[in-house]
Amino acid sequence: MPASVDSQESNGQSRASGAELVRFNKITKRFGDVKVLDELSFSVDTGKHVTLIGPSGSGKTTILRLLMTLLTPDEGSIVVDGDYLTHQEKNGKLVKPSEKHVREVRKKIGMVFQQFNLFPNMKVLRNVTEAPRHVLGLPKDEAVHRAEELIELVGLSEHLDKYPSQLSGGQQQRVAIARALAMRPQVLCLDEVTAALDPELVAGVLDVLRDIAQTADITMLVVTHEMSFARDISDAVLMFDAGKIIESGPPDKIFTDPEHGRTREFLSTVLRGL
Amino acid sequence: MMTRGMFETYFLPGVWITIQVTLYSALMAAVIAFVIGTMRTSQLWIVRFISGTYFEIFRGMSALVFMFWLVFSLPLIFQWQLVPMFAGVLAMGLTYGAYGSEIVRGALAAVPVAQREAGLALGFSRFDRLRRIEIPQAWPEMVPPLNNLLIELLKCTALVSTITVADMTFAGNLVRIGESESAPIYTLLLVVYFVMAFIITRGMRVVERQAKAGIGQAPPRTSFWEKLSLREPGGEGTTGAPSKIGGAQ
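One structure accompanies this document, and this report is about it. (Residues numbered from 1 in each chain as written. Chains lettered and ligands numbered in written order. Predicted model: local features only at pLDDT ≥ 70, side-chain atom pairs only at ≥ 80, totals over all residues. Heavy atoms only, no water.)

## What to know about the side chain of threonine 28 of chain A
Residues and elements named next belong to chain A.
Right, so step 1: Following the sequence through the fold, threonine 28 ends up in strand S1 (residues 20–31).
Right, so step 2: A residue is classified by how much of its surface remains accessible, and threonine 28, at 1% relative accessible area, is buried.
Right, so step 3: There is a polar contact of 3.1 Å between the side chain of threonine 28 and the backbone nitrogen of glutamate 39. (Helix = DSSP H or I, 4+ residues; strand = E, 2+ residues; numbered from the N terminus. Buried < 20%, exposed > 50% of the residue type's maximum accessible area, 1.4 Å probe, protein only. Polar contact = N/O pair within 3.5 Å; in protein donor to acceptor, adjacent residues only side chain to side chain.)

## Observations concerning the environment of isoleucine 233 of chain A
All names here are of chain A.
Right, so step 1: Inspection of the secondary structure puts isoleucine 233 in helix H8 (residues 227–233).
Right, so step 2: According to the relative accessible area criterion, isoleucine 233 is buried, its value standing at 7%.
Right, so step 3: If we skip the residues at most four places from it in the chain, isoleucine 233 touches His49, Arg210, Ala213, Met220 and Val222. (Contact = heavy atoms within 4.5 Å.)

## Here's the deal with the environment of isoleucine 135 of chain B
Residue and element names in this part refer to chain B.
Right, so step 1: Counting through the fold element by element, isoleucine 135 comes out in helix H6 (residues 126–156).
Right, so step 2: Relative accessible area serves as the criterion here: at 23%, isoleucine 135 is assigned to the partly exposed category.
Right, so step 3: In this structure, the C-alpha to C-alpha distance between isoleucine 135 and alanine 107, residues 28 residues apart in sequence, is 8.5 Å.
Right, so step 4: Leave out the neighbours within four places in its chain, and isoleucine 135 touches Phe34, Thr38, Leu108 and Leu130.

## Some details on the packing of aromatic side chains
Here the distance between the centres and the angle between the planes together describe a pair of aromatic rings.
Residues and elements named next belong to chain B.
Right, so step 1: Evaluated as defined, the whole model comprises ten aromatic pairs over all chains.
Right, so step 2: Pairing phenylalanine 66 with tryptophan 69 gives two aromatic rings, centres 6.3 Å apart and planes at 20°, and the pair type is stacked. Highlighted residues: phenylalanine 66 and tryptophan 69, both in helix H3 (residues 63–78), separated by three residues, approximately one helical turn.
Right, so step 3: For phenylalanine 66, a relative accessible area of 11% translates into the label buried.
Right, so step 4: For tryptophan 69, a relative accessible area of 36% corresponds to the partly exposed category.
Right, so step 5: Centroid distance phenylalanine 68 to phenylalanine 72: 5.9 Å. Interplanar angle 45°. Geometry classified as tilted. (Phe/Tyr/Trp six-rings, centres within 6.5 Å; stacked < 30°, edge-to-face > 60°.)

## Topic: a nonpolar patch on the surface
Right, so step 1: A contiguous nonpolar surface patch, about 570 Å² in accessible area, is contributed by Leu44, Trp45, Ile46, Phe49 and Ile50 of chain B.
Right, so step 2: One can find isoleucine 50 of chain B in helix H2 (residues 45–59). (Patch = residues over 30% accessible without salt bridge, like charges linked within 9 Å, V, L, I, M, F, W, Y side chains within 5 Å. Areas by Shrake-Rupley, 256 points an atom, 1.4 Å probe, with all protein chains shown as cover. Salt bridge = Lys/Arg side-chain N within 4 Å of Asp/Glu carboxyl O.)

## Let's talk about H2 of chain B
Residues and elements named next belong to chain B.
Right, so step 1: The first and last C-alpha atoms of H2 sit 20 Å apart over 15 residues, in line with the 21 Å expected at 1.5 Å per residue.
Right, so step 2: Listed in full, the buried residues belonging to H2 are Ser51, Gly52, Tyr54, Phe55 and Phe58. Taken around the axis of H2, the buried residues stretch over an arc of 155°, which confines them to a single face. Along H2, the residues that are exposed and aim more than 90 degrees away from the buried face are Trp45 and Phe49.
Right, so step 3: Against helix H1 (4–39), H3 and helix H4 (84–109) lie the buried residues of H2. (Expected span 1.5 Å × (residues − 1). Arc of directions from axis to C-beta.)

Spelled out as structure tokens, the structure:
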């Protein structure tokens, strides 16, 4: 069952683990006069789980939204799996990408939102099958089969025939995870996926994600305030402050022995709640 | 009082013409409303400009004068005569399409941005997002104002009587001249327009419930109207009684 989450299967390019999958090159993003990201560069290797932490407003969510093409950078470029996401190569020059090019590269990226954003006009099963059928062009029974497997994976098989409004927040978020995975993206962006949930529902969603992180061969980019979860699933943690990475390293190092004063300060504020 | 002959020769066919004019104009207006309304939410300025221009022009035009223009001026300018009924339908379809486009645009704009983003993140094209995500969600919001508009359109069809289309108002006027009695015939006309409007409202109520059920919102309880509905014992509802979605209650 977890094998169905294999991210490389559908897109054909089975790359050796460790190759660079996502690269941000000197990305600058401004909202009005505020510089949210300042010449930011970093990369994520295939199969790695990278967590972005830092105070609110430090640009973490902006990074995920740039990668998902919900925002466009003011300067710099983003490369996903060897293809420019922010540009298109034409006669050796980098030009503004066509809508078609962006859609093609975007297929490699999936996202789960803080507010789930399920489609209220579709039942659970159709929420998960709609994009595979009409974006990837999968035949109906194949899309349904894939969706049923994923919905079972997130433990909601008995709710296939319900509308999102009939589910709890935690259940909706698990459907949203299944929906994103059904596209078999190479990178999965998780944007504070438990921040909108009632406390008692958080654990269920995190368990599902832990399970996926352990069993599926998928690259993850995670923004979260759940530090123990981050510690469990991450291969690397990037600490952000004011649009820059101020510290990075393996979770054990960052969480137990951070070098930067801001990191220590941030962690003590976040962990005080526990 | 109106004789049986007058009723059958003038009035009943007039009612049928009114229904036809309403139906054709509504159909045309609906198509225009959806096309122009969605165009007005486009990201391309030229598409917004064209649709916005259409909207401003036809919203600001008098349907009655436009009808006169189509019937009396167009032939002089283009040597080209429209069938009066077609001219009436055209004038009302174009005008009410403009009004309707505002309803469609507003309802589409009210769909949360997050839905557009979710669609984008799953790779849907703009057209697919509209068709599969945004319009189905905006639809329940559109139904009540469209119902208003449809009733207004029904009543506006009386205007076609001025361009020699023998609708129910036209027939009423004929009968009034023949009988030289205006009170009964105009009262009858008012009642018939009201009954038609009421039937439309009931029908649209069913549409609204279905639309809401289609996005997982429980159909609103309308027990008072349920009791008033003309239901045949043991059978399906007769005049659009909402028996289908409400289910057995």
